[in-house]
Amino acid sequence: MRLWSLHPSYLDAKGLVAQWREGLLARKVLMGQTRGYRHHPQLARFKAHADPVRAIDSYLWSVHEESVRRGYRFDSGKLGLKPRGIKLPVTEGQLRYEFDHLLRKLDQRDPDRYRQFASEETPQAHPLFKVVPGEVEEWERGSP
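Just so it is clear, the structure is predicted and the values come from calculations on it, not from any experiment.

Trainee: When you look at the overall build of the protein chain in this model, what are you seeing that I'm missing?
Mentor: Counting its secondary structure elements, the protein chain contains five helices and two strands. Listing every helix and strand of the protein chain by position from the N terminus yields α-α-α-β-α-α-β. Its C-alpha atoms give the protein chain a radius of gyration of 15 Å, within 12% of the compact-globule value 15 Å for 144 residues. Taking all 144 residues of the protein chain together, 44% fall into the buried category. Sequence-distant contacts, at least 24 apart, represent 77% of the contacts inside the protein chain between residues at least 6 apart. Accessible surface, the protein chain as shown: approximately 8000 Å² in total, 48% of it carbon and sulfur. Averaging the locations of the 25 positively and 19 negatively charged side chains of the protein chain gives two centres separated by 8 Å.

Trainee: Honestly, the packing of aromatic side chains in this entry has me stumped. Any pointers?
Mentor: Aromatic ring pairs are defined here through the distance separating the ring centres and the angle between the ring planes. All told, the structure shown has six aromatic pairs when counted by the stated rule. Seen from their ring centres, Tyr10 and Phe99 are 5.2 Å apart, and the 65° between their planes marks the pair as edge-to-face. Pair noted here: Tyr10 is in the segment before helix 1 (13-30) and Phe99 is in helix 4 (residues 92-109), with a separation of 89 residues, a long-range link. The same class applies to Tyr10 as to Phe99, namely buried. Between Tyr72 and Phe74 the ring centres are 5.9 Å apart and the planes differ by 40°, which places this aromatic pair in the tilted class. By way of ring pairs, the aromatic residues Tyr10, Phe99 and Phe117 are connected into one cluster.

Rules used throughout
- Throughout this document, residue positions are counted from 1 along each chain, in the order its sequence is written.
- Note on the predicted model: pLDDT of at least 70 is required for a residue's local features to be given, and 80 or more for side-chain atom pairs to be given and counted; whole-chain, interface and lining totals, by contrast, use all residues.
- Side-chain metrics rest on all non-hydrogen atoms present in the structure, leaving aside hydrogens and water.
- We count a stretch as a helix when DSSP gives it H or I for four or more residues in a row; a strand needs E for two or more, and each element gets its number in order from the N terminus.
- Each radius of gyration reported is based on C-alpha atoms, and the globular scaling rule is 2.2 Å times the count of residues to the power 0.38.
- Residue burial is assigned from relative accessible area. The probe radius is 1.4 Å, only protein chains are included, and a residue is buried under 20% of its type maximum, exposed over 50%, and partly exposed in between.
- Any two residues whose heavy atoms approach within 4.5 Å are treated as being in contact.
- For every accessible area listed, the method is Shrake-Rupley and the probe measures 1.4 Å; residues are considered covered only by the protein chains on display.
- Charged-residue counts in this description rest on Lys and Arg as positive and Asp and Glu as negative, His and the chain ends being excluded.
- Lys charges are placed at NZ, Arg charges at CZ, Asp charges at CG and Glu charges at CD.
- Each Phe, Tyr or Trp ring, with Trp reduced to its six-membered ring, pairs with another whose centre is within 6.5 Å; inter-plane angles below 30 degrees give stacked pairs, above 60 give edge-to-face pairs, and intermediate values give tilted ones.

On their own, these measurements won't tell you what the molecule is for.
Laid out in structure tokens, this is it:
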């Protein structure tokens, strides 16, 4: 499971669809509707919020908005009402780590998209996140 801290516009088609599915799985985990993935490190920042389900809904609404922009038909009926004003922190180091990771994937899966973003100096965060100073997050598997 990868819940990207990056803006969904960076994701290729395969990545955006996977993001939607994995986000919906994360939502089920946070709602207590599945036994798997309960201790997945990607969920730590959502669990730290006062209302984890509202936080993941906010996250998924932004993914949904990107899907609409691209002409996809993700089912927003699987989400709660669109929350407003929720912000979770993400470190600059985490954002950079994820951007470099995504660029490696795009280089293989979607070279045109890779070229579109490869020279970008400062990647945009997903709208849920507020970028704060810091290194790669402790919950990141394989973090340096």
